[in-house]
Amino acid sequence: MPAACDSVLEDIEDIVSAEDLKPRDRQFVRKNVFPKVRKRNSQKNIQTDDDPPSDSIIPGAQKIWIRTWGCSHNNSDGEYMAGQLAAYGYKITDNSAEADLWLLNSCTVKNPAEDHFRNSIKKAQEGKKKVVLAGCVPQAQPRQDYLKGLSIIGVQQIDRVVEVVEETIKGHSVRLLGQKKDNGKRLGGARLDLPKIRKNPLIEIISINTGCLNACTYCKTKHARGDLASYPIEELVDRAKQSFQEGVCEIWLTSEDTGAYGRDIGTDLPTLLWKLVEAIPEGAMLRLGMTNPPYILEHLEEMAKILNHPRVYAFLHIPVQSASDSVLMDMKREYCVADFKQVVDFLKEKVPGITIATDIICGFPGETDEDFQETMKLVEQYRFPSLFINQFYPRPGTPAAKMHQVPAAVKKQRTKDLSQLFHSYNPYDHKVGERQRVLVTEESFDSNYYVAHNPFYEQVLVPKDPLLMGKMVEVNIYEAGKHFMKGQPVSDARVYTASVTRPLAKGEVSGLTEEFRHAAQNGTKRKAHPSAEIPVKPPPSSWMALQLPWQQEGGGLKMLSVSLALLAVLVMFYYGGMKTEL
């Protein structure tokens, strides 16, 4: 039987039979083919066609509205992003309607905060605003449906906010969610010497570390901020000194857990605090942020000494969350109620008058009536002047969300009962008639008073005298409420000014280095970010979520490889086409 390949072709052109069309005939037939025009009926396509090409947009000339939810750490990130954008020429506006782009800096602690964030995204899109997302929500869950197609700046990438905003204004979608590392070791985040716009020019918020060492079963923030990563002491002290030189009179130290500071870099919180105390000028104050009981237990003696320092507020925020050991175990809080009481009792003895603030979660999965009554007894015993009461919300992706839930009506009732107990006592009534030294830093919400704080970080309202702002003065307490006291300045008392330097004006950029000044003067970010000179032009009909190729590790080599491959394909098409026509 003859094989299928017995006949040998002398030339590859023998494959074409005499009846087949020749190249010239195919070209003639092609001229009689008329392409069908596709009608564009969708509003989306019409809007895309109306948008100006990205090359015609000049970044740095737009107005940006920034909204931040959540903790002081998040507020600090928002201040840094505002400062960098303003340094490069963008106008930061308080009017969301007139803004070209909304920068939404989110919080993932509770469901309501994320709901506000989601609603703001929807409102921005309805108003045809460009949107950049930041904070813990997109960092923890960037693949959520309502985040698709939107630019995201990760919590450790805030020093690149200018790049993300610029590309977003051009119509691109960029996502930077990576971690900052040095020789494989995770860093605390973006540099501390970046430009920033302080929400209050008199208050500097310094993040001393990011992440934590715990694994609480209800916490979503851990998914975003990760494990503990501390800033070096020298950088933190330098940032504090710079702040005082810009007229700041109050520093807040913040993080997910200040008590754990330094464990990853071979130091601890007391060591940092003693260094910072040396840099605090007369008339200025330092406020410590939240610390969990396990880590402060190791430093009680030193912490008591620091909290007694005249330039450190005798104030500490120590969340207990529940007074039931079984609930704390389900939360994986790594301490028992006795540990919390030991911390509070010791500090109350060694630091007379200290203010202890705490948090309590009502209705955690598995919490019984007996568990909740233990919590009520704890509040009754200590009568905390500052108590943050939170109804439990199961956060997606956390172990607590999979536990057996307490009925919603029970959670609501327990929250109500605890709130009633908290409002049943007035912690400041006995202070009426006292003479106190207070630091004036801000205006009250109703704009009727200035807000000051005494050495225990208790709120004191004083008359709106512009001469008092940023000063430390003595007042006579003449009235007390649930959350405040009212004081009248003493006429013959000495007034302390924290710094001879005039505070920055509201909205003025802090910490402008020569690098940023040069970029701002030239109206471009090219010197600071040379990679941004390479334009990105994705197809206009698609919204692509991408990390810019030249921003990836080995990006330059990847771009060269892609370019050479494209060139090879074009050469093949070119010479192939010539041979067909011959």
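Up top you'll find the structure we're talking about.
Thresholds applied
Residues numbered from 1 in each chain as written. Predicted model: local features only at pLDDT ≥ 70, side-chain atom pairs only at ≥ 80, totals over all residues. Heavy atoms only, no water. Pairing = 2+ DSSP bridges. Helix = DSSP H or I, 4+ residues; strand = E, 2+ residues; numbered from the N terminus. Axes fitted to C-alpha atoms, helices over the stretch in contact; angles between N-to-C directions. Contact = heavy atoms within 4.5 Å. Buried < 20%, exposed > 50% of the residue type's maximum accessible area, 1.4 Å probe, protein only. Polar contact = N/O pair within 3.5 Å; in protein donor to acceptor, adjacent residues only side chain to side chain. Salt bridge = Lys/Arg side-chain N within 4 Å of Asp/Glu carboxyl O. Parallel < 35°, antiparallel > 145°, perpendicular 65-115°, else oblique. Left-handed = near helix turned anticlockwise from the far one by under 90°. Nonpolar A, V, L, I, M, F, W, Y, C, P; charged D, E, K, R; others polar. Right-handed = clockwise from strand over helix to strand, strands pointing away. Phe/Tyr/Trp six-rings, centres within 6.5 Å; stacked < 30°, edge-to-face > 60°.

Participant: Could you clarify how one ought to interpret the sheet that holds strand β12 (residues 250–254) in this entry?
Facilitator: Consider a sheet: its strands pair through backbone hydrogen bonds, and that pairing is either parallel or antiparallel. Read from one edge of the open sheet, three strands run β9-β12-β13, paired in parallel fashion. The open sheet has two edge strands, β9 (203–207) and β13 (285–287), and neither has a second partner. If you compare each strand with its neighbour and ignore which way they point, the axes differ by 20 degrees on average. In this structure, β9 lies alongside β12, joined through five bridges in parallel fashion. Paired with Ser207 across the two strands is Thr254, which belongs to β12. Contacts from helix α3 (residues 72–87) reach β9 and β12 within the one sheet, and its direction differs from that of β9 by about 105 degrees.

Participant: Just to check I follow, could you spell out the side chain of Ser324 for this structure?
Facilitator: Residue position: Ser324 is located in the loop between β14 (315–317) and α12 (325–331). On the basis of relative accessibility, which here comes to 5%, the residue Ser324 falls in the buried class. In this structure the side chain of Ser324 is engaged in a polar contact, spanning 2.9 Å, whose partner is the side chain of Ser326.

Participant: Teacher, can you tell me more about unusual backbone geometry here?
Facilitator: The backbone phi angle of Lys332 is positive, close to 60 degrees, even though this residue is not glycine. Its identity is not glycine, yet Tyr457 carries a phi of approximately 55 degrees, on the positive side. Relative to the elements of secondary structure, Tyr457 occurs in the loop between β18 (450–453) and β19 (459–462).

Participant: Would you mind going over the pattern of salt bridges with me for this structure?
Facilitator: It is possible for side chains of opposite charge to pair when their charged atoms get near one another. Evaluation of the coordinates by the stated rule reveals 26 salt bridges. Between Arg118 and Asp115 there is a salt bridge, and its shortest N-O distance comes to 3.0 Å. Remark: Asp115 and Arg118 occur in helix α4 (residues 111–126); sequence separation between them is three residues, near one turn of the helix. Judged by its relative accessible area of 35%, Asp115 is partly exposed. The partner of Lys431 in a salt bridge is Glu458, and the shortest N-O contact between them spans 2.6 Å. With Lys431 in the loop between α15 (408–422) and β17 (435–443) and Glu458 in the loop between β18 and β19, this pair connects stretches of sequence that are 27 residues apart. Relative accessible area serves as the criterion here: at 8%, Lys431 is assigned to the buried category.

Participant: Help me understand the packing of helix α8 (residues 233–245) against helix α9 (residues 269–279) in this model?
Facilitator: A packed helix pair is summarised by two numbers, namely the angle formed by the two axes and the spacing between the axes. Interaxial distance between α8 and α9 falls to 10 Å at its minimum, and their mutual angle equals 25 degrees. Relative to α9, α8 is oriented roughly parallel. Two packed elements cross with a definite hand, and for α8 against α9 that hand is right-handed. Residue-level inspection shows Ile233, Leu236, Val237, Ala240, Lys241 and Phe244 of α8 in contact with α9, the latter providing Thr271, Leu272, Lys275, Leu276 and Ala279. Here the residues of the contact of α8 with α9 are counted per class, giving eight nonpolar, one polar and two charged.

Participant: How should the sheet that holds strand β16 (residues 386–391) be read in this particular structure?
Facilitator: The strand order across the open sheet formed by three strands is β14-β15-β16, and the pairing between neighbours is parallel. Both outer strands of the open sheet, β14 and β16, are each paired with one neighbouring strand and no more. Recorded for the sheet is a direction-independent mean angle of 15 degrees between the axes of neighbouring strands. Looking at chain direction, β14 and strand β15 (residues 355–362) are connected through three bridges and run parallel. Residue His317 lies in a different strand from β15, and its bridge partner there is Ala357. Here α15 sits on the sheet and contacts β15 and β16; the angle it forms with β16, its principal contact strand, is near 170 degrees.

Participant: Just checking my understanding: could you explain the pairing of strand β1 (residues 63–68) for this structure?
Facilitator: Each regular strand displays side chains that alternate between the two surfaces of the sheet. One ladder, built from three bridges, connects β1 with strand β2 (residues 91–93); its direction is parallel. Each bridged residue has a counterpart across the sheet, and for Lys63 the counterpart in β2 is Lys91. Between β1 and its parallel partner β2, the chain crosses via α3, and the hand of that crossover is right-handed. The sheet contact formed by β1 and strand β3 (residues 101–106) spans five bridges and is parallel. Considered in β3, the bridge of Ile66 is made with Leu103.

Participant: Would you mind going over the packing of aromatic side chains with me for this structure?
Facilitator: Each aromatic ring pair is characterised by the separation of its centres together with the angle its planes make. The full count for this structure, using the stated rule, is 10 aromatic pairs. Summarising the aromatic geometry, the rings of Tyr218 and Phe364 are spaced 6.2 Å apart at their centres and angled 80 degrees between planes, so their arrangement reads as edge-to-face. Of this pair, Tyr218 sits in the loop between β10 (209–210) and α7 (221–225) while Phe364 sits in the loop between β15 and α14 (369–382), placing them 146 residues apart in sequence. Of the two residues, Tyr218 and Phe364, neither departs from the other in class, the shared state being buried. Measuring from centroid to centroid gives 5.9 Å for Phe422 and Tyr425, while their planes differ by 85 degrees, and the two rings are edge-to-face. By relative accessible area, which is 4% here, Phe422 ends up buried.

Shape descriptors only; they carry no functional weight alone.
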